[in-house]
Amino acid sequence: MPLLAKTFETILGDPHALYNGSLADDVVADIREAGGIITKKDLQNYVAVIKEPLVIKLNDNSTIFTPPPPSSGAVYAMFLNIADKYRFTPDSVSTTKNSTLTWHRIAEAMLFAYGKRSSLGDPDMKSQSFKNLIDEVELHNDVVKNL
């Protein structure tokens, strides 16, 4: 961990050190040692893309901010959106029967969201798939409420 701390201190003092400064050669060497093919030129040409986060509001007025696809944050947000509709309370796990049903619902919400991940599309390609899936979850809120 001392090496990681030193690396962070170097980047703090010179944010460009990682891409074209004193750390670039070490980064390339470490990646190549692990079987990667990155070059120093790749690092020098890298441009960070800044994207707007997905913003998900839950029933308790909590707000979740997560990176857009292809990160897993979209899957997590979909799961939370589904689980939030159940309005779980302490009573949801107060008995064996309630607890079993609650954990079943949580597992199914996770399975559903995870199963949809390959359909999320690539926002950089102007895909509508993720937006359509979020709309699909919203359209099925009545079904979730009745489960």
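All figures in this text were calculated on a predicted structure; none of them were measured in a lab.

1. Examining the packing of aromatic side chains
Reasoning step 1: Following the criterion strictly, the structure yields two aromatic pairs and no others.
Reasoning step 2: Plain terms: the ring middles of Tyr-19 and Tyr-46 are 5.5 Å apart, the flat faces sit at 15 degrees to each other, and that makes the pair stacked. In this pair, Tyr-19 sits in helix α2 (residues 17-20) while Tyr-46 sits in the loop between α4 (40-45) and β1 (54-57), placing the two residues 27 residues apart along the sequence.
Reasoning step 3: With relative accessibility at 29%, the residue Tyr-19 sits in the partly exposed group.
Reasoning step 4: Relative to Phe-88, the ring of Tyr-86 lies with its centre 5.5 Å away and its plane at 20 degrees, an arrangement referred to as stacked.

2. Describing the pairing of strand β2 (residues 63-66)
Reasoning step 1: Residues Ile-64 and Thr-66 point to one face of β2 and are all buried, whereas Thr-63 and Phe-65, pointing to the other face, are not buried.
Reasoning step 2: Where β1 lies against β2, four bridges are found, and the strand directions are antiparallel. Note on β2: the bridge partner recorded for Leu-54 is Thr-66.
Reasoning step 3: Two successive antiparallel strands, β1 and β2, enclose a turn made up of five residues, where Asn-61 displays a positive phi of approximately 70 degrees.

3. Re the nonpolar core
Side chains of a nonpolar character, in soluble globular proteins, are inclined to be buried together.
Reasoning step 1: Of all hydrophobic cores here, the largest spans 17 residues; its most connected members are Ile-56, Leu-58, Ile-64, Phe-79, Leu-80, Ile-82 and Ala-113.
Reasoning step 2: For this core, the elements supplying multiple residues, two or more each, are β1, α5 (73-85) and α6 (96-115).
Reasoning step 3: Of the residues forming this core, the biggest block, eight residues, is contributed by α5.
Reasoning step 4: Setting aside residues no more than four positions away along its own chain, Ile-56 makes contact with Ser-62, Thr-63, Ile-64, Thr-66 and Ala-77.

4. Section: the confidence of the model for the protein
Reasoning step 1: Of all residues in the protein, 82% have pLDDT values of 70 or greater, and the mean over the chain is 83.
Reasoning step 2: Within the protein, no element has a lower average pLDDT than helix α8 (residues 141-145), which sits at 50, and none a higher one than α6, at 94.

5. Description of the environment of Thr-10
Reasoning step 1: With respect to the secondary-structure elements, Thr-10 resides in helix α1 (residues 2-13).
Reasoning step 2: For Thr-10, a relative accessible area of 23% corresponds to the partly exposed category.
Reasoning step 3: For the pair Thr-10 and Gly-21, spaced 11 residues apart in sequence, the C-alpha to C-alpha distance is 9.8 Å.
Reasoning step 4: Contacts of Thr-10, omitting those with residues within four sequence positions, involve Ala-17, Ser-22 and Leu-23.

The rules behind the values
- Residues numbered from 1 in each chain as written.
- Predicted model: local features only at pLDDT ≥ 70, side-chain atom pairs only at ≥ 80, totals over all residues.
- Heavy atoms only, no water.
- Phe/Tyr/Trp six-rings, centres within 6.5 Å; stacked < 30°, edge-to-face > 60°.
- Helix = DSSP H or I, 4+ residues; strand = E, 2+ residues; numbered from the N terminus.
- Buried < 20%, exposed > 50% of the residue type's maximum accessible area, 1.4 Å probe, protein only.
- Pairing = 2+ DSSP bridges.
- Core = buried A, V, L, I, M, F, W, Y, C linked by side-chain atoms within 4.5 Å.
- Contact = heavy atoms within 4.5 Å.
- pLDDT = per-residue confidence, 0-100.

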